[in-house]
Amino acid sequence: SSRTSKRLASTYDQIADIQASAAEREKRQIQLMTRRNEERVREIARARKGKGKNDENEAAEELDTYKRSKDYPDNVLPNQIKVDMANKCVILPIGGNPVPFHISTIKAAVFQKLDQVCYLRVNFYAAGLALGKEASRNMAKLVAKYAPYSTFIREMTFRSLDGHNLNNAYRMIMELRKRYRAHEIQEQEEATLVKQEKLIRTKNERVPRLSDLTMRPVFAGRKTQGNLEAHQNGLRFISNRGESVDIIYSNIKHAIFQPCENEIMVLIHFHLKNPIMIGKKKQTNVQVFTEVIDASQAVDAGRRNMYDPEEMDDEQRERQLRKKLNEAFKEFCRKVEKVAAKNGFTLEFDIPYRDLGFQGNPHKEMVFIMPTLNCLCNLTETPFFVVDLNNVDHVHFERVTFASKAFDIVLVNKDFTKQPWRIDMIPNTDKDAIQDWLTDMEISYTEGPMNLNWKQIMSTVADDDRFYMDTEEDEITKKEAGWSFLRMFGADDE
């Protein structure tokens, strides 16, 4: 019985320690919340001061299909629908006269065949109707501009006994719409791109180089393999097909080196300040990696026989390869830091803290998420999950109850116009460790038993000028300051 009582005593001691550390953490959190609220009030005031007249909206651009009717295509017939791909317009007959409509004015087209007759209905963007997601930005501006004093055509229907031409016109309208939309999206993507400096290649000396790498995201196809070199003001990845991607040192926000321990790959990841184009898409994350074992082999690992001498040799080889690759990548990172420093750039590679990692679901599958010095990330699976901790305003723990085995966390962005990041299904056993880490990182957190409607919360908070202050407009009436309204218990209920 003395042994039992000793064991009980040690259990009670452990529980007391946990409770004491939780109480200490809670106390620090309350102080932290107050301090952060004051800091954010100052930050917002500074940001507002810096915001000037840059938010002027550019005027709507008028649509010109043809300068005069002589420019119409030659083969336009009086009662025929014609699609002019080159001039991005559809010529529709009104009272026998061909009238051009720019493709961006067309909201939808529907082709129907009833008995022997075919119909083509064309809907246009018009004032007083919801424009929908597909409307071009210019079209939305034009509708708003002309809404007060113009009459809009809402729809037209054409009927024909011979459906061949109508069907052909319908197909071409849809194709032109698709092309115009794709072109517009690409233009928007490229318009917001920040122009990158040109890479200055290092001459007359050996450049640090890693070969036989795979890059993610890919250019096109299934895999993009090649080499990574470090030059004077940036890195260049050259694929085996001859495509290249330049990553300028000054555009790297965070560089992360993740050695291979339990994963099947060793990787270097760059999280960029401004996106760059890879293929036809804007990307903020670029990664190069080498697989230590094939993913197919990794799946078979469970069937291995530990007494089989060949298997033992394989495992030995794998361990050596792991070590060799980790060393090669680490050495490359060191050389890159040296090259960057020599040319006046500061670049440091962070290594994820594996012991602080936890399982969670940021997208659609459970992955292992690890913090680094500046980020919280999962870099092994795609899509990548990288949250810059400097952009996190507050963290809220959802579904924290005694009944549930897992909880979710919501990381609120300092920019309230953006939706928060989420990580779902984190095992309860990780909660204390995550809360300790957040407190050490000086990030405030709250917890509650329910999933909240963050879209609604963010829009309410974005409209509140006094969100971080503890009084209402009259400066006397008390209110919850900042995120403390999410607390299950107020500071006084402890």
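Residues numbered from 1 in each chain as written. Predicted model: local features only at pLDDT ≥ 70, side-chain atom pairs only at ≥ 80, totals over all residues. Heavy atoms only, no water.

Student: Mind laying out the overall build of the protein chain, listing which residues take part and the relevant values?
Tutor: Helix and strand counts for the protein chain come out as seven helices and 22 strands. The C-alpha radius of gyration computed for the protein chain amounts to 30 Å, which surpasses the reference 23 Å derived for 494 residues by more than 25%, pointing to a less compact arrangement than a globule. Structurally, the protein chain occupies a C-alpha span of about 105 × 70 × 55 Å along its principal axes. Counting only residues that meet the buried cut, the protein chain has 39% of its 494 residues in that class. Sequence-distant contacts, at least 24 apart, represent 56% of the contacts inside the protein chain between residues at least 6 apart. Accessible surface, the protein chain as shown: approximately 30,100 Å² in total, 50% of it carbon and sulfur. Here the protein chain contributes 75 positively and 75 negatively charged side chains, and the mean placements of these two sets differ by 5 Å. (Helix = DSSP H or I, 4+ residues; strand = E, 2+ residues; numbered from the N terminus. Rg over C-alpha atoms; globule rule 2.2 N^0.38 Å. Buried < 20%, exposed > 50% of the residue type's maximum accessible area, 1.4 Å probe, protein only. Contact = heavy atoms within 4.5 Å. Areas by Shrake-Rupley, 256 points an atom, 1.4 Å probe, with all protein chains shown as cover. Lys, Arg positive; Asp, Glu negative; His and termini not counted. Charge placed at Lys NZ, Arg CZ, Asp CG, Glu CD.)

Student: Explain the nonpolar core to me, and be specific about the residues and the numbers.
Tutor: Soluble globular proteins tend to bury their nonpolar side chains together. Residues L235, Y249, I252, I268, F270 and F349 are the most contacted members of the largest nonpolar core, which totals 33 residues. Elements that contribute at least two residues to this core include exactly strand 7 (209-216), strand 8 (224-230), strand 9 (234-239), strand 10 (244-248), strand 11 (252-258), strand 12 (265-278), strand 13 (281-291) and helix 5 (309-342). It is helix 5 that contributes the most residues to this core, seven residues altogether. Setting aside its immediate chain neighbours within four residues, F270 contacts L228, L235, I247, I252, H254, A255, T284, N285, V286 and F349. F385, F397, V400 and F407 belong to the second-largest nonpolar core, a separate cluster that totals 21 residues. (Core = buried A, V, L, I, M, F, W, Y, C linked by side-chain atoms within 4.5 Å.)

Student: Talk me through the environment of N390; I want residue IDs and the actual numbers.
Tutor: By the secondary structure assignment, N390 is in the loop between strand 18 (385-388) and strand 19 (392-398). Between the C-alpha atoms of N390 and K414, which are 24 residues apart in sequence, the distance is 8.6 Å. In this structure, N390 is in contact with N374 and K414, ignoring residues within four places of it in sequence.

Student: Which residues make up a nonpolar patch on the surface, and what are the values?
Tutor: A cluster of nonpolar side chains, Y353, L356 and L373, forms an exposed patch at the surface whose accessible area comes to about 250 Å². Residue placement: L373 occurs in the loop between strand 16 (367-371) and strand 17 (375-378). Judged by relative accessible area, which is 47%, L373 ranks as partly exposed. (Patch = residues over 30% accessible without salt bridge, like charges linked within 9 Å, V, L, I, M, F, W, Y side chains within 5 Å. Salt bridge = Lys/Arg side-chain N within 4 Å of Asp/Glu carboxyl O.)

Student: Break down the side chain of Q435 for me, with residues and values.
Tutor: Turning to its location among the elements, Q435 is positioned in helix 6 (residues 431-440). Among the residues examined, Q435 registers a relative accessible area of 2% and is labelled buried. Side-chain polar atoms of Q435 contact the side chain of Y445, separated by 3.3 Å. Excluding its chain neighbours within four sequence positions, the residues that come into contact with Q435 are R25, F397, Y445 and E447. (Polar contact = N/O pair within 3.5 Å; in protein donor to acceptor, adjacent residues only side chain to side chain.)

Student: Explain the pattern of salt bridges residue by residue, including any values.
Tutor: One pass over the full model with this rule turns up 35 salt bridges. Notably, a salt bridge pairs D71 with R68, separated by 4.0 Å at the nearest N-O pair. R422 is the salt-bridge partner of D408, the closest N and O atoms lying 3.5 Å from each other. In this pair, D408 is assigned in strand 20 (residues 406-413) and R422 in strand 21 (residues 421-427), connecting sequence segments 14 residues apart. For R422, a relative accessible area of 28% puts it in the partly exposed group. Several salt bridges share partner residues, and in doing so they unite E398, R399, D408, R422 and D424 into one network.

Student: Go over helix 2 (residues 137-146), please, and point to the residues and values.
Tutor: Taken residue by residue, helix 2 has N138, M139, L142 and V143 as its buried positions. Angular distribution of buried residues about the axis of helix 2 spans 135°; they occupy a single face of the element. In helix 2, those exposed residues whose orientation departs by more than 90 degrees from the buried face are R137 and A144. (Arc of directions from axis to C-beta.)

Student: So what's going on with unusual backbone geometry? Which residues, and what values?
Tutor: In this chain, R216 is followed by P217 through a cis amide linkage whose omega measures -5°. When you line up the elements, P217 lands in the loop between strand 7 and strand 8. The residue after T382, namely P383, is reached through a cis peptide bond having omega -5°. Look at D212: it is not a glycine, yet its phi comes out positive at around 55°. By the element assignment, D212 lies in strand 7. Accessibility expressed as a relative area gives 65% for D212, which makes it exposed. Of note, E475 is a non-glycine position whose phi angle comes to about 65°, a positive value. Mapped onto the fold, E475 is located in the segment after helix 7 (454-462). Look at E475 and you get exposed, because its relative accessible area is 58%.

Student: Tell me what's going on with the packing of aromatic side chains, and back it up with residues and numbers.
Tutor: Across all of its chains, the model carries 16 aromatic pairs by this definition. Ring geometry for F467 versus Y468: centroids 4.9 Å apart, planes at 75°, classification edge-to-face. For F467, a relative accessible area of 6% translates into the label buried. Judged by centre distance (4.9 Å) and plane angle (75°), the ring pair of F467 and W483 falls under edge-to-face. Taken together, the residues F467 in the segment after helix 7 and W483 in the segment after helix 7 connect sequence positions 16 residues apart. Site record: aromatic cluster; members linked through ring pairs are F416, W454, F467, Y468, W483 and F485. (Phe/Tyr/Trp six-rings, centres within 6.5 Å; stacked < 30°, edge-to-face > 60°.)

Student: Describe in detail the confidence of the model for the protein chain, supporting the description with residues and values.
Tutor: Averaged over every residue, the pLDDT of the protein chain is 89; the share at 70 or more is 93%. In the predicted structure, residues 490-494 sits below a pLDDT of 50 and forms three contacts with residues beyond four places in sequence or in another chain. (pLDDT = per-residue confidence, 0-100.)

Student: An account of the side chain of D393 is needed here, citing residue identities and associated values.
Tutor: Inspection of the secondary structure assignment puts D393 in strand 19. Taking relative accessible area as the criterion, D393 reaches 2% and is therefore assigned buried. One polar contact links D393 to R40, side chain to side chain, over a distance of 3.2 Å. Among the polar contacts made by the side chain of D393, one reaches the side chain of Y468 at a distance of 2.3 Å. In this view, D393 contacts R36, R40, V412, N413, K414, F416, S444, Y468 and W483; residues no more than four positions away in its chain are not counted.

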